[in-house]
Amino acid sequence: MKLRQSMAGLHTWGGLLPSWLLFVIIFAGTVACFDKELSRWMRPALHDGVASSLGADDARGWLQQNVSDELHAFWMHGPTEREPYWRLGWEVDGTETIHNVTFDPRSRQATPMAETVGGEFFFKLHYNLHAGDVGMYIVGLAGMFMLVALVSGVIIHRRIFKDFFTLRPRANGQRAWLDAHNLFGVVGFPFHLVLAYTGVAIFVASYMPAAAQVSYAGNVMQYFGEVMGSYHRDELHQPAGKPVSLDALIAESQRQWGGGEVGWVSVHHPDDASAVVDIRRRDRSRIASPQDTLTYDATSGELLNRQDASTGYRAYLWLAGLHMAQFGGTLVRLLYLLMGLAGCAMLIGGLQVWLAKREQRGDRSLPWVRALNGAVFGGLPLASLALLWGNRLIPTGFAERAVAEGWVFAGAWLLVALWSVLRRQQGRRLLRGQLLLGALLALVLPLVNGLTTGGHLLASLGRGDWALASVDLFLIAAGLVCAACAWRLDGAGTPAVIRRRSPRVQEA
Amino acid sequence: MLLSAFALSYLGMMLLCLGMNRHRSELLRADRRVPAALILRSLAAVCFGIALWLCITSQGGEIGAVIWLCLVMLAGVLLALLLAWRARWVLPLMPLLAAGAALSGLW
């Protein structure tokens, strides 16, 4: 019994403290399952589903004309089914900042689209909380805590098989929430465990850097190069000759692969005679991304290297691929989305157990934990909705538009947090208010979308464009669920009904 | 394939459920007899196995296994939610899922 008791303490506190952070990570990751669909929704130029007719040379031409700085590297990705447009990114030499631009697929010349944070906002929130390397370490720590909570949770659960299907919403608060916490934790256990483990494993080289630092005498880039079997050429500090056509290199690569798809195309130090072009292969039919990159001399077009990744790196990529769900199409992403929502429900259930247990004792910290709950569990979904509102309402020509969208998100979240703190003594009123606001924001958003762009729901449904329509449909469904819950909460006379699991997590 | 695999996962979960005293009384009248728990569990394992086989034949080993695992987990969540709020729908949903699977197979 000693082990179980100590594990119970570990599970309670090791689970409680990171749980708000974990909610942010899991919720953002859940939304990020459909980040590319969201990106399309957030860019009105993509609403009619036209595929781009540009080529890689057009994108490079735009870069040469519009960016005069010496570049460390630039990279681009052609149109795909989910992202039917060219994307271009570059890093100016000597700076660590990365610039991105996307090209309007309707235009015959390379014309940038209006700036937006896009669905990548949630992806980035998921892996580093928009806080760079520090955020990445914080997320990693939270992921390790999640692994600890999962394992200790299994140890302290006495009746894991007997209670497998048990959910008693009509029981008293603590019992009902414990059932919910257990149900989503135990039934979804394989998913939570695999995703927490693979999530931590993705940045393993950053979390455990010592071995590489020591073996490679601090030259980490050499370590990565050897592990990935990639090609590197030092700068010669001589001016580059006339670059060879990128489109020709892409065609040559496809011939080399026997007709595979092309993914990222990147050029390293393009202004130097040592410039090389990397062409990566894209294959969504396997869990691990293929490591078959071809490296060419940027001036002569000569094939310099064919990537030969080590077995360890391939195993790592398999784990990373399992986490990122870029395989298996919409079906896999949908399943991950549903399981991610189950993860959110598990976290909310766990916190409610903690609260219900202490409610009987009347702890002084309770209002603050409730305020934190309202600020995070209500705040993040509401702020996400506000972000989409901002995306639709900030004018196209607005300078630093993406930054403004980010501020809308942050500002909305701060406001909800403030609201939660002010209403910390009236948990039910707060929850009801948040649900009503969520319903309003989610239900009106498809209308705003229809009024501000040509890509309204009827048009996208009429074209059979489910990828675009699904965002509006999801918003409507989430809004209706919120409204129904607020309604129930309102008319609830008996406590049993109030204690139902709140589907706030289904907003997005 | 998807619907058949999900129907089989759901059937497996349902059989596991029927093998537990607490849930059997929620789902069936007291005088209905069911096979022993061991037999139900073995049948459930067979259902999960066929569902896995279906997923693997249609999506390949790697991706099929991932999809199968997600389907089984979701079937479990769905069954538990139904048991809590709409216990009467648990059994009728099974033929519905089977019919849907058959229809999508024909189509």
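See above for the structure.
If you're wondering where the values come from, they're calculated on a predicted model, not measured in any experiment.

### Description of a negative patch on the surface
Residues and elements named next belong to chain A.
- A cluster of acidic residues, Glu70, Asp93, Asp234, Glu235 and Asp271, forms a negative patch at the surface.
- Here Asp234 shows up in the loop between helix H10 (220–228) and helix H11 (246–257).
- Using a relative accessible area of 57% as the deciding quantity, one classes Asp234 as exposed.

### Details of the packing of aromatic side chains
Residue and element names in this part refer to chain A.
- A full pass over the atoms with the stated rule returns 17 aromatic pairs over all chains.
- Ring centres of Phe121 and Phe122 lie 5.7 Å apart, and the angle between their planes is 85°; on these two criteria the pair is classed as edge-to-face.
- Owing to a relative accessible area of 2%, Phe122 belongs among the buried residues under this scheme.
- Ring pairing ties together the aromatic residues Phe123, Tyr127, Tyr137, Phe203 and Tyr207, which thus form one cluster.

### Description of helix H12 (residues 311–324) of chain A
- Look at H12(A): 20 Å from first C-alpha to last across 14 residues, which is about the 20 Å you get at 1.5 Å a residue.
- Along H12(A), the residues that are buried comprise A:Tyr313, A:Leu317, A:Ala320, A:Gly321, A:Leu322 and A:His323.
- Check the buried side of H12(A) and you find it contacts helix H4 (120–128), helix H7 (189–202), H10 and helix H13 (329–359) of chain A together with helix H4 (61–85) of chain B.
- Downstream of H12(A) by a residue or two, A:Ala325 has a phi angle that is positive, lying close to 55°.

### Some points on the interface of chain A and chain B
- Counting residues at the interface gives 30 residues for chain A and 24 residues for chain B.
- Both faces considered, chain A and chain B share a buried interface measuring about 2400 Å² in area, 77% of it formed by carbon and sulfur atoms.
- Looking at the side of chain A facing chain B, the largest losses of area belong to A:Phe165, A:Leu331 and A:Leu335, adding up to 29% of the total buried there.
- Our count for the chain A to chain B interface comes out at two salt bridges.
- The salt bridge involving A:Asp163 is made with B:Arg22; its shortest N-O contact spans 3.2 Å.
- At the junction of chain A with chain B, the criterion picks out six residue pairs in polar contact (both at pLDDT 80 or more).
- Of all the secondary structure elements, the ones that give two or more residues to the side of chain A that touches chain B are helix H6 (173–187), H7, H12 and H13 of chain A.
- For the side of chain A that touches chain B, the element with the highest residue contribution is H13(A), accounting for six residues.
- Grouping the constituent residues of the side of chain A that touches chain B by class yields 20 nonpolar, four polar and six charged.

### Points about the sheet that holds strand S2 (residues 87–92) of chain A
All names here are of chain A.
- Judged by pairing direction, the sheet is antiparallel, and its seven strands sit side by side in the order S3-S2-S1-S4-S5-S6-S7 without closing on themselves. Whereas interior strands pair on both sides, the edge strands pair on one side only; in this sheet they are strand S3 (98–102) and strand S7 (303–306). Neighbouring strand axes in the sheet, compared pairwise and without regard to direction, differ in orientation by 20° on average.
- As judged from the three bridges shared by strand S6 (residues 294–297) and S7, these two strands associate in the antiparallel manner. Within S7, the position partnered with Leu294 by the bridge is Arg306.

Rules used in this analysis
Just so you know, the residues in each chain are numbered from 1, in the order the chain's sequence is written. For naming, the first written chain is A and the first written ligand is 1, with later ones following in the order written. Predicted model: local features are reported for residues with pLDDT of at least 70 only, side-chain atom pairs are reported and counted for 80 or more only, and whole-chain, interface and lining totals are derived from all residues. In computing side-chain values, all of the structure's heavy atoms are included and hydrogens and water are not. What makes a patch is a set of residues exposed beyond 30% relative accessible area and free of salt bridges, joined within 9 Å when like-charged and within 5 Å when nonpolar (Val, Leu, Ile, Met, Phe, Trp, Tyr). Only the protein chains shown count as cover for residues, with accessible areas throughout obtained via the Shrake-Rupley method and a probe of 1.4 Å. For this document, the term salt bridge refers to a Lys or Arg side-chain nitrogen within 4 Å of an Asp or Glu carboxyl oxygen. Under the convention used here, Asp and Glu are negative, Lys and Arg are positive, and both His and the chain ends fall outside the count. Here the site of a charge means atom NZ of a Lys, CZ of an Arg, CG of an Asp or CD of a Glu. Helix and strand definitions follow DSSP, with helices as H or I runs of at least four residues and strands as E runs of at least two, each counted in order from the N terminus. Partly exposed residues are those whose accessible area sits between 20% and 50% of the maximum for their type, while under 20% is buried and over 50% is exposed, using a 1.4 Å probe and protein chains only. Here the aromatic set is Phe, Tyr and Trp, taking the six-membered ring for Trp, and pairing holds for ring centres within 6.5 Å; pairs whose planes are under 30 degrees apart are stacked, those over 60 apart are edge-to-face, and all others are tilted. By this rule, a helix spans an expected 1.5 Å times one less than how many residues it contains. Here a residue-residue contact requires only that any non-hydrogen atoms of the pair lie within 4.5 Å. Note on definitions: buried area is the accessible-area loss of two parts on being combined, 1.4 Å probe, summed for both. As used in this structure description, the phrase polar contact means that two N or O atoms lie within 3.5 Å; if the pair is within protein, one of them must be able to donate a hydrogen and the other to accept it, and residues adjacent in sequence are counted only when both atoms belong to side chains. In this classification, Asp, Glu, Lys and Arg are treated as charged, Ala, Val, Leu, Ile, Met, Phe, Trp, Tyr, Cys and Pro as nonpolar, and every other residue, Gly included, as polar. Strand pairing requires that DSSP identify at least two bridges connecting the strands. Only the contacting stretch of a helix is used when fitting its axis, a line to C-alpha atoms as for every element, and angles between N-to-C directions run 0 to 180 degrees.

Everything listed here is a matter of geometry and, on its own, says nothing about what the molecule does.
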